[in-house]
Amino acid sequence: MSEIANTKKYEFKAEIKKLLDILVHSLYTSREIFLRELISNSSDALDKLRFESNRGTEIAGKDLLLEINVDFDSEKKMLTISDTGIGMTHDEVITNIGTIAKSGTEEFVKMISETKIDANNIIGKFGIGFYSAFMVAKEIVIKTKSFKKDEPAVEWKSDGLGDYEICELNEKIERGTKIEIHLKDDAQEFAEKWKLESIIKKHSSFISFPIFLNKEKINTISAIWREPKSSITKEKYEEFYKFLSHDTDAPMDVIHKSVDAPIQFNALLFIPIKSFEFFWHDRENYGLDLYVRRVLIQHKNKDILPEYLSFVKGVVDSEDLPLNISRETLQENVVFNKISSSVTNNILSHLLDKAKNDAEWYKQFWSEHGKILKLGYTDFLNHEKILELLRFNSTNCQDKDELVPLADYVSRAKNEQKEIYYICGKTREAMMADPHMEIFKKKGLEVLFLPDPVDEFVVSSLRKYKDYDFKSADTIDLKKFDELPNVEEQEQKFEALTDEEAKHFSIMLAKIKSIIGDKVVDVKESKRLVESAACLISGDDVMSASMQKILKMANQNTESPQKILEINPNHKLTRNLLKVFKKDSNDEYIKNTAEQLFETAQLQDGNLDDTHALVKKINNLLEQSSDWYCTLKNI
Ligand code: ADP
């Protein structure tokens with residue numbers, strides 16, 4: 001039993017002060033959600049009580065009905081929310097009410113303090129809990145009695161400004177928690193019947209315990225996921241989804257499954273129309289609600305679905321799990337694991353079906369949830385399905401918004417082609433302009449654009465689609481390309497090098513190698529370049545430049561890997577360089593240009609460390625060329 005001293009005063013923690021400050025000073029719309037939060041806390045407390053009772057724990061007031069009462073008194077400007085749930089001991093009040101328990105609340109505070117987003121626009125989506133009541137309260141009193149028999153009842157009181165008081169409660173109360181809200185002058189509408197009734201109906205109508213408003217029952221409890229599909233209207237699904245997710249929009253899609261064999265379960269799942277990932281802030285706030293025979297066992301269970309399906313919201317209910325199953329042992333439960341893989345398969349099959357039959361829908365879906373779904377590359381058992389669900393932009397697309405499934409890419413592949421080519425870069429434009437793309441244009445081969453850093457992990461982990469290996473554009477084996485015809489014979493801008501010129505060219509390449517030194521493995525004539533003068537390619541190693549960059553970022557000490565510098569013999573710069581070289585192989589101009597070509601190629605690969613040196617050199621060259629220009633023009 002807790003020892004309770006007389007009234008004690010405590011100061012709020014800094015994090016709570018910050019939250020209170022936002023709640024009290026910057027919120028003027030959506031204040032009604034405080035009631036949703038308090039009713040949801042009561043419902044959780046009742047769920048916990050029922051769970052203890054099912055486990056056979058001895059509980060105080062065991063004959064009390066499990067219910068929630070909302071009472072108002074417009075004269076006294078007061079509102080009371082009480083439940084017969086698990087209650088709290090003195091120490092629990094201090095720890096539970098004294099800290100921000102929800103990661104969602106923490107994220108909310110962080111977002112509002114760090115960004116310019118208006119709290120009013122997003123508060124509804126966050127479950128910010130008990131403290132939201134201070135949006136409408138000038139004082140809150142909590143009276144609570146734990147389900148543990150010998151624990152005394154406790155009273156907590158605060159005006160939400162800086163501190164709170166806590167003491168043993170004088171009056172005798174039965175098990176559960178009562179929250180008394182003394183309303184602010186501008187919040188008296190929350191002591192009016194029509195207002196309270198409409199808020200409860202809007203946000204809490206699916207709470208699975210009876211809710212009474214001044215003794216009148218106002219919610220009809222129904223486990224909608226257990227009802228036959230045909231009896232549920234679109235509106236009812238929408239209403240339930242909004243209750244469950246706190247989303248203000250209707251869902252993009254509903255998946256309602258009732259499975260009887262080999263394991264019985266009902267699943268009601270929703271795909272939100274907009275991603276909940278507020279700049280990746282919402283990562284922890286996912287999961288499905290797990291019920292056993294209509295009793296909530298776990299809110300936001302994160303193990304039923306793999307993380308890459310975390311955008312799905314919903315409920316799973318099974319007859320075949322024991323009611324007293326503990327959350328800790330769920331993952332080891334065979335039935336639970338079977339339900340989990342069946343729900344996963346159901347979602348994947350549903351998405352495959354949509355992808356096949358409703359391209360517009362799938363395009364919208366992919367743009368919202370593709371970022372998460374593609375993390376499915378980690379699910380080895382479902383690789384084939386994930387591959388079919390992936391979408392890319394490619395050189396075959398008219399614009400950056402068009403999407404290509406791998407099946408389409410492969411259907412367009414050339415007869416001799418055995419690989420799916422991709423290129424990494426920041427934007428479609430940057431990737432198109434990459435010198436490594438020139439050979440693909442020449443041969444008319446489609447290349448996938450991979451703008452997201454995770455994309456390359458996705459394709460390299462999946463390794464292949466059907467018989468086609470994924471291959472980065474900068475690690476290709478050029479010999480394979482020789483056999484492929486050119487799309488159209490490009491007009492030769494330059495005569496082929498004569499034998500003598502070719503000899504000079506190879507001596508010049510050796511010279512360039514000696515200028516650049518050990519920073520490259522070799523300097524070679526390029527067979528891939530058409531329009532650019534030079535590019536870097538990986539030697540024997542097969543890692544693409546972008547992958548090397550990622551690894552380099554992860555480990556600061558890693559040196560840039562060694563590459564081969566390829567020089568295009570059919571480029572004006574090279575031909576001029578050759579003339580200079582023939583005249584004086586030690587001309588400074590050769591050194592400057594060689595270094596410049598090397599560094600520009602590094603820049604294009606995203607692997608240039610010292611951009612300042614490059615800029616300085618460019619400026620020197622510009623200065624020189626301005627002199628030449630003036631001379632040329634007789635200025
Ligand atoms: P959350 O509900 O996300 O945990 P809250 O700030 O709303 O965050 O509540 C903090 C904690 O206080 C809850 O986790 C719960 O332990 C306790 N609590 C709140 N309301 C009640 C209640 N009506 N009955 C019992 N415990 C409650």
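For the structure itself, consult the block above.
Let us look at the structure shown here. Given the structure is predicted, the values throughout are model-derived calculations rather than measurements.

Conventions we followed
Residues numbered from 1 in each chain as written. Predicted model: local features only at pLDDT ≥ 70, side-chain atom pairs only at ≥ 80, totals over all residues. Heavy atoms only, no water. Salt bridge = Lys/Arg side-chain N within 4 Å of Asp/Glu carboxyl O. Helix = DSSP H or I, 4+ residues; strand = E, 2+ residues; numbered from the N terminus. Buried < 20%, exposed > 50% of the residue type's maximum accessible area, 1.4 Å probe, protein only. Core = buried A, V, L, I, M, F, W, Y, C linked by side-chain atoms within 4.5 Å. Pairing = 2+ DSSP bridges. Phe/Tyr/Trp six-rings, centres within 6.5 Å; stacked < 30°, edge-to-face > 60°. Lys NZ or Arg CZ within 6 Å of the ring centre and 35° of its normal.

A separate point is the pattern of salt bridges. By the definition in use, this model includes 29 salt bridges. One salt bridge in this structure joins Glu566 and Arg528, with 3.0 Å as the shortest N-O distance. A residue pair is termed long-range when its members are at least 10 positions apart, and Glu566 in strand β22 (residues 563-567) and Arg528 in the loop between β20 (520-525) and β21 (534-538) qualify at 38 residues. Here Glu566 and Arg528 have matching classes, each one buried. A salt bridge links Lys617 to Glu599; the nearest nitrogen and oxygen atoms lie 2.7 Å apart. Of this pair, Lys617 sits in helix α20 (residues 611-632) while Glu599 is found in helix α19 (residues 588-605), placing the two residues 18 residues apart along the sequence. Looking at Lys617, the relative accessible area reads 23%, which means it is partly exposed. Classification of Glu599 by relative accessible area gives buried; the value is 11%.

On to the nonpolar core. By size, the foremost hydrophobic cluster in this structure holds 73 residues, and its most contacted members are Val343 and Leu373. For this core, the element with the most residues is helix α8 (residues 334-357), which contributes 7 residues. Ranked by size, the runner-up nonpolar core spans 69 residues in total, among them Leu27, Phe72, Ile211 and Phe240.

Strands in a sheet are paired, the pairing made by backbone hydrogen bonds, and the direction either parallel or antiparallel. Ordered in space as β15-β17-β16-β19-β18, the 5 strands form an open sheet in which the pairing is mixed. Whereas interior strands pair on both sides, the edge strands pair on one side only; in this sheet they are β15 (393-394) and β18 (464-465). Sheet topology places β18 next to strand β19 (residues 468-472); 2 bridges connect them, and they run antiparallel. For Lys464, the partnering residue across the bridge sits in β19 and is Asp469.

The next point concerns the packing of aromatic side chains. Geometrically, a pair of aromatic rings is defined through the distance of the ring centres and the angle of the planes. Considering all chains together, one arrives at 25 aromatic pairs under this definition. Geometrically, the ring pair formed by Phe12 and Tyr164 is tilted, given 5.4 Å between the ring centres and 40 degrees between the ring planes. One end of the pair, Phe12, is in the loop between β1 (8-11) and α1 (14-25); the other, Tyr164, is in strand β6 (residues 163-168), and 152 residues separate them in sequence. Using a relative accessible area of 4% as the deciding quantity, one classes Phe12 as buried. Take Tyr164: its relative accessible area is 6%, and that puts it in the buried class. Seen from their ring centres, Phe130 and Phe134 are 6.5 Å apart, and the 85 degrees between their planes marks the pair as edge-to-face. When sorted by exposure, Phe130 lands in the same class as Phe134, which is buried. Over the aromatic face of Trp361 sits the side chain of Lys354, whose NZ or CZ is 5.0 Å from the ring centroid.

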